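# Structural description and commentary
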Amino acid sequence: MLDGVLFFPVTPFTGTGEVNLEALAAHVAKGVDAGPGGVFVACGTGEFHALEAQEFGGVVRTAVAATAGRVPVYAGAGGSVAQAKVFAKTAAAAGADGLLLLPPYLVTMPQQGLIDYTREVAAATDLPVIVYNRGNARYTEESAAEVAQIPNVVGFKDGTGDVDRVSRIVRAVTDVLAPSGKAFQFFNGLPTAEVSQQAYRAIGVTLYSSATFAFAPELALAYYRALEAGDEEALGALQREFFHPLVRLRDTVPGYAVSLIKAGVTMEGIDAGPVRPPLVMPSAEHLTELTQIIKAGRAVL
């Protein structure tokens, strides 16, 4: 079972666009030293969408080696059902401890199709699988309860922000699994999840992904400790000075939820390189603003 702040590393690239495994190893090792509850490599923040299978395998192997068994390592899988199964098997061969199942290709699908997609990918591996409720992969109470009963599906992560529906899904899944006693966890997967985590916590979603941890782990951990302690003053200060300004900046350009994080990693001493198209790197003006936001957050500490 996972606990604590979940670390989503970026995938560094060289100036000519190749995966920079040396920088990735340093990035993951530095993050794990800071004390996360788990590493989720080659997922949304790690530009899963931009990686081919061979690159993906190298990224997962590198993260597993850099983590050295200190915390679990989950890897992304998704896309077409055939591609998702290839990535699932590649992640297992590379030593991952589990999978985050990202949405399939952007086609409109019935709920039965989403169930079949999840079931088929889960059957391709013995690894634990966390399903990701976002984009075109939007589960209902009924479909979420059904996939939760697949033996190696162990978690449900939400990236829709539909707290009403997620609250009902939490209840439905919890109730259907109660007779078996199966362990199952719920995650907040919204970008900059710290902004919404108080609301998610209230409906039973206690875990969340922290992109902030990738470049400012002390701020991510300070928020987590304040949340656990119910320290409203500290939470308010961190939201006001860091997380809310970061979200305002993030929302100025599509894709900044990834490229701002990558820029932050580079600012903190590990050259993460550029993002791959169709994402774009922050402008000089926005990089200056990011620097000021990080400074303001650290002033709170």
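Residues numbered from 1 in each chain as written. Predicted model: local features only at pLDDT ≥ 70, side-chain atom pairs only at ≥ 80, totals over all residues. Heavy atoms only, no water.

Going by what an unreviewed UniProt entry lists, the chain is known as Probable 5-dehydro-4-deoxyglucarate dehydratase and is assigned to Mycolicibacterium cosmeticum. Under the Catalytic activity (unreviewed entry) heading, UniProt states for the chain: "5-dehydro-4-deoxy-D-glucarate + H(+) = 2,5-dioxopentanoate + CO2 + H2O". Its UniProt record gives the chain the following Sequence similarities (unreviewed entry) comment, quoted word for word: "Belongs to the DapA family." (UniProt positions renumbered as here; feature names shortened; annotations may be inferred.)

### A word on helix 1 (residues 21–34)
Over its 14 residues, helix 1 extends 20 Å from the first C-alpha to the last, a length consistent with the 20 Å expected when each residue adds 1.5 Å. Buried within helix 1 we find Ala23, Leu24, His27, Val28, Gly31 and Val32. The buried residues of helix 1 occupy an angular sector of 160° when projected down its axis, which confines them to one face. Relative to its buried face, helix 1 has exposed residues pointing more than 90 degrees away, namely Glu22 and Asp33. Where helix 1 is buried, its residues meet strand 1 (6–7), strand 2 (38–41), helix 2 (53–67) and helix 10 (256–267). The opening residue of helix 1, the one whose side-chain oxygen lies 3.3 Å from the backbone nitrogen of Glu22, is Asn20. Positioned one or two residues after helix 1, Gly35 has a phi angle of 100°, which is positive. (Helix = DSSP H or I, 4+ residues; strand = E, 2+ residues; numbered from the N terminus. Expected span 1.5 Å × (residues − 1). Buried < 20%, exposed > 50% of the residue type's maximum accessible area, 1.4 Å probe, protein only. Arc of directions from axis to C-beta. Contact = heavy atoms within 4.5 Å. Polar contact = N/O pair within 3.5 Å; in protein donor to acceptor, adjacent residues only side chain to side chain.)

### Here we look at the sheet that holds strand 7 (residues 185–188)
Strand order in the closed barrel formed by eight strands is 1-2-3-4-5-6-7-8, with parallel pairing between adjacent strands. Sheet topology places strand 2 next to strand 3 (residues 73–77); three bridges connect them, and they run parallel. Looking across to strand 3, one finds that Phe40 is bridged to Tyr74. Along the sheet, helix 2 makes contact with strand 2 and strand 3, crossing strand 3 at roughly 170°. (Pairing = 2+ DSSP bridges. Axes fitted to C-alpha atoms, helices over the stretch in contact; angles between N-to-C directions.)

### A short note on the side chain of Glu47
Looking at where Glu47 falls in the secondary structure, it is placed in the loop between strand 2 and helix 2. For Glu47, the side chain forms a polar contact with the main-chain nitrogen of Arg276, separated by 3.0 Å. Leaving out residues up to four positions away in the same chain, Glu47 has contacts with Thr11, Phe13, Val258, Lys262, Pro274, Val275, Arg276 and Leu279.

### Focus: the environment of Thr206
Here Thr206 is to be found in the loop between helix 7 (197–202) and strand 8 (207–210). Taking the C-alpha atoms as reference points, Thr206 and Phe187, separated by 19 residues in sequence, lie 6.6 Å from one another. Apart from residues lying up to four places away in sequence, Thr206 is in contact with Phe186 and Gln197.

### Describing the packing of aromatic side chains
Applying the stated criterion across every chain yields a total of 13 aromatic pairs. With 5.2 Å between their ring centres and 50° between their planes, Phe7 and Phe213 make a pair best called tilted. Of this pair, Phe7 sits in strand 1 while Phe213 sits in the loop between strand 8 and helix 8 (217–229); the two residues are 206 residues apart in sequence, bridging distant segments of the chain. Judged by relative accessible area, which is 1%, Phe213 ranks as buried. Three or more aromatic residues link up through ring pairs in this structure, and these residues are Tyr208, Phe215, Tyr223, Tyr224, Phe242 and Phe243. (Phe/Tyr/Trp six-rings, centres within 6.5 Å; stacked < 30°, edge-to-face > 60°.)

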